Amino acid sequence: MASIIKMKMRYIFMIMGIALFLPPLSLIPQFAGEVNMCGAVCPRMFFIITSKWGASGLLNNISSMWFGVALVSSILVVTIFFGRLWCSHLCPVGGASELGSKGIPDKLKINFSFMNAPAFRYGYLFIYIAGAVIGIGSIACKLCNFRVIPFLAGAPFVPAYKTYLLTSMGIAGLLTVSVTGFFAKGGRAYCNLLCPVGALDSLVNSVSSRLRITKKVRTYESKCNGCGRCIDSCMVWAIKMDENRKAKRNDLSCMSCRECEKVCPEGAINYGKVKG
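Residues numbered from 1 in each chain as written. Predicted model: local features only at pLDDT ≥ 70, side-chain atom pairs only at ≥ 80, totals over all residues. Heavy atoms only, no water.

**Points about empty space enclosed by the protein**
Right, so step 1: Per the counting criterion, the structure on display carries four cavities of 30 Å³ or more.
Right, so step 2: Counted as a void, the largest cavity has a volume near 90 Å³.
Right, so step 3: Lining the largest cavity are 15 residues, and of these Cys-224, Asn-225, Cys-227, Cys-230 and Cys-264 lie nearest its centre.
Right, so step 4: Along the lines of polarity and charge, the residues of the lining of the largest cavity split into eight nonpolar, four polar and three charged. (1 Å grid on protein atoms, 1.4 Å probe; cavity = no way out; pocket = protein on both sides within 12 Å on 5 of 7 lines; lining within 4 Å. Points joined across faces, edges and corners; volume = space filled by probe spheres on them. Nonpolar A, V, L, I, M, F, W, Y, C, P; charged D, E, K, R; others polar.)

**Remarks on the packing of helix α2 (residues 9-21) against helix α7 (residues 92-101)**
Right, so step 1: Their axes nearest at 8 Å, the elements α2 and α7 cross at an angle of 120°. By the criterion of interaxial angle, the relationship of α2 to α7 is oblique. Remark: the crossing between α2 and α7 carries left-handed chirality. Contact residues: α2 offers Arg-10, Tyr-11, Met-14, Ile-15, Gly-17, Ile-18 and Phe-21, while α7 offers Pro-92, Gly-95, Ala-96, Glu-98 and Leu-99.
Right, so step 2: Looking at side-chain class alone, the contact of α2 with α7 contains eight nonpolar, two polar and two charged residues. (Axes fitted to C-alpha atoms, helices over the stretch in contact; angles between N-to-C directions. Helix = DSSP H or I, 4+ residues; strand = E, 2+ residues; numbered from the N terminus. Parallel < 35°, antiparallel > 145°, perpendicular 65-115°, else oblique. Left-handed = near helix turned anticlockwise from the far one by under 90°. Contact = heavy atoms within 4.5 Å.)

**Brief notes about the side chain of Asn-36**
Right, so step 1: Along the polypeptide, Asn-36 turns up in the loop between α3 (27-31) and α4 (54-64).
Right, so step 2: Here the side chain of Asn-36 touches Cys-38 through a polar contact of 2.9 Å, landing on its backbone nitrogen.
Right, so step 3: Once you skip the residues sitting within four places of it in the chain, Asn-36 turns out to touch Pro-29, Val-41, Pro-150, Phe-151 and Tyr-161. (Polar contact = N/O pair within 3.5 Å; in protein donor to acceptor, adjacent residues only side chain to side chain.)

**What to know about helix α12 (residues 168-182)**
Right, so step 1: When the terminal C-alpha atoms of α12 are compared, their 20 Å separation across 15 residues agrees well with the 21 Å that a helix rising 1.5 Å per residue should span.
Right, so step 2: Residues Gly-170, Gly-173, Val-177, Ser-178, Thr-180, Gly-181 and Phe-182 constitute the buried set of α12.
Right, so step 3: Packed against the buried residues of α12 are α7, α10 (145-154), α11 (159-165) and α13 (189-193). (Expected span 1.5 Å × (residues − 1). Buried < 20%, exposed > 50% of the residue type's maximum accessible area, 1.4 Å probe, protein only.)

**Digging into the packing of aromatic side chains**
By convention here, two paired aromatic rings are described through the distance between centres and the angle between planes.
Right, so step 1: Overall, the coordinates contain seven aromatic pairs when judged by the stated rule.
Right, so step 2: Their ring planes at 40° and their centres at 6.2 Å tell us that Tyr-124 and Tyr-128 sit as a pair that is tilted. Within this pair, Tyr-124 and its partner Tyr-128 are both found in helix α8 (residues 117-133), separated by four residues, close to a single helical turn.
Right, so step 3: Residue Tyr-124 is classed as partly exposed on the basis of its relative accessible area, which comes to 24%.
Right, so step 4: Tyr-128 gets classed as buried once you look at its relative accessible area, which sits at 4%.
Right, so step 5: Positioned above the aromatic ring of Tyr-11, the side-chain terminus of Arg-10 is 5.0 Å from the ring centre.
Right, so step 6: When the ring centre of Tyr-164 is taken as origin, the NZ or CZ atom of Arg-147, which lies over that ring, is 4.7 Å away. (Phe/Tyr/Trp six-rings, centres within 6.5 Å; stacked < 30°, edge-to-face > 60°. Lys NZ or Arg CZ within 6 Å of the ring centre and 35° of its normal.)

**Digging into the nonpolar core**
Right, so step 1: By size, the foremost hydrophobic cluster in this structure holds 50 residues, and its most contacted members are Trp-86, Phe-112, Phe-146 and Leu-193.
Right, so step 2: When residues of this core are traced back to their parent elements, those giving at least two are α5 (66-82), α6 (85-90), α7, α10, α11, α12 and α13.
Right, so step 3: Ranked by the residues each element gives to this core, the list is headed by α10, at four residues.
Right, so step 4: Residues Cys-42, Phe-46, Leu-125 and Tyr-128 belong to the second largest nonpolar core, which totals eleven residues. (Core = buried A, V, L, I, M, F, W, Y, C linked by side-chain atoms within 4.5 Å.)

**Points about the confidence of the model for the protein chain**
Right, so step 1: Mean pLDDT for the protein chain: 89, with 91% of residues reaching 70 or above.
Right, so step 2: By mean pLDDT, the top-scoring element of the protein chain is α7 (97), and the lowest-scoring one is helix α1 (residues 2-7) (54). (pLDDT = per-residue confidence, 0-100.)

**Overview of α2**
Right, so step 1: End to end, α2 covers 19 Å across 13 residues, agreeing with the expected 18 Å (1.5 Å per residue, within 8%).
Right, so step 2: Three or more residues of α2 are buried, namely Arg-10, Tyr-11, Met-14, Gly-17 and Phe-21. One side of α2 carries all its buried residues, which in axial view fall inside an arc of 115°.
Right, so step 3: Its buried side turned inward, α2 meets α3, α5, α6, α7 and α16 (259-263). (Arc of directions from axis to C-beta.)

So, in C-alpha cells, the structure goes:
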C-alpha cells in the first residue's frame, strides 16, 4: 500500500494544486483578492511591456501583479535546488491538462515528439514578449492556458466564464489547450511548447543541473540497457536514444516528474545531486 501511494504521490500533489488554484475553491487566488489566476495572481504577464512603457511599465506590472511575481520567483528558486517541481507536481493548469488527457483514448491523441521542443519553445517565447512591442500582447493573455483552464473549471459556477468560452477568443483558447493539452500524448505539449513560465523554468533547470547543490532527475549511461521504457513514459519527449542505445536526457525539456525513474528496470535513473 505504501509503495502504491509513493508511486501516485505526484498525482496527489497535482490534485492539491488544482484545488488550491482553480475554481470552485480558488483558495490561493482568493488570498490575493482574485477569483482566478488573472490579475495580481497572473504568473506570465508582468514581464510583458510595450516599447513606450520602458522601466516604469515593468515596475507597474510588477506592482499590480505582485503575487504572480512572487510565485514565479519562488518557482525558479525551487528549481535551482530541487528541479521543476512546480511544473511537474503543483501547476494547476499543467496538472489539469495531464489528468484530463487520461480520459482521452490513446488512438485520438497527438504525438508531438517529432518537434524540436526547445527551439519551438524559445521561438514562441520571443514572439510572446515581442508581441507587446508591436501591439498584440493582449492575444497572449486571451489565449493563455492560465486563463482558459480556470474559466473552464469555473464555467459551471460563473455564467460569465461560460460566456467568455463561447466567444471567438474563448473558442480559440479552448482549441489551443485541447490540441496541446487534453488531446496531446502525455497531456503536456502546451507546457513543453507554449508556456512562458515553463520556458523560463526550463532554462533555470538546464543551467542549475550542472551545480552540485541541485537535485535533478539524472540518467546514468553505465546502467542503461537501452530498453526505451523511459522514452515511452516521458510526457515532454525529453529523452532520446543515442547511437549507442543509451538514453540521453535534455534538461531544457525535462520536467522532473520522475515518471521515467518509475519504469526503469535497471535503476539507471534517479533523483539526486551530481555524483562524484
